[in-house]
Amino acid sequence: MPPGINGLDIRLPNERTVLARMRGTQDRIADAITTFAGTMLFVYLHAAWFTVWIAFNEGLFGYSAVWDRTLSGCSP
């Protein structure tokens, strides 16, 4: 049986363009988030943020700088 006869092998000549036009706003936003989350910049930013979080909440900058008292073990 030649390709295309059974209906499974039919392709649009510009299939990627058609599929790109069908994507919605949510798909584009999800792709942008996924693209950023897969970069080393994302890893570095999160490492820096958690370092700051831990440093402040361990009281390294004074106990008045602690904002998450459940982690630091100090009483209010």
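About the cut-offs
Residues numbered from 1 in each chain as written. Predicted model: local features only at pLDDT ≥ 70, side-chain atom pairs only at ≥ 80, totals over all residues. Heavy atoms only, no water. Helix = DSSP H or I, 4+ residues; strand = E, 2+ residues; numbered from the N terminus. Polar contact = N/O pair within 3.5 Å; in protein donor to acceptor, adjacent residues only side chain to side chain. Expected span 1.5 Å × (residues − 1). Salt bridge = Lys/Arg side-chain N within 4 Å of Asp/Glu carboxyl O. Buried < 20%, exposed > 50% of the residue type's maximum accessible area, 1.4 Å probe, protein only. Phe/Tyr/Trp six-rings, centres within 6.5 Å; stacked < 30°, edge-to-face > 60°.

As a further point, take the side chain of Asn57. Checked against the element boundaries, Asn57 lands in helix H3 (residues 40-57). From its side chain, Asn57 meets the backbone nitrogen of Trp67 in a polar contact 3.1 Å long.

Okay, H3 next. Here H3 spans 26 Å end to end across 18 residues, near enough to the 26 Å set by a 1.5 Å rise per residue. Residue Gly59 follows H3 closely and has a positive phi angle near 85 degrees.

The next subject is the pattern of salt bridges. Pairs can form between side chains of opposite charge whenever their charged atoms are close. Inspection of every chain in the model, using the stated rule, returns one salt bridge. A salt bridge links Asp31 to Arg23; the shortest N-O distance between them is 2.8 Å. Given the relative accessible area of 37%, Asp31 is considered partly exposed.

Summed over all chains, the structure comprises six aromatic pairs. For the ring pair Trp49 and Trp53, a centre distance of 5.5 Å and an interplane angle of 70 degrees mean the geometry is edge-to-face. You can see Trp49 and its partner Trp53 sitting in helix H3, four residues apart, about one turn around the helix. Judged by relative accessible area, Trp53 falls into the partly exposed class, the value being 25%. Joined through ring pairs, the aromatic side chains of Trp49, Trp53, Phe56, Phe61 and Trp67 make up one cluster.

It is worth stressing that arrangement in space is one thing and function is another; only the former is reported here.
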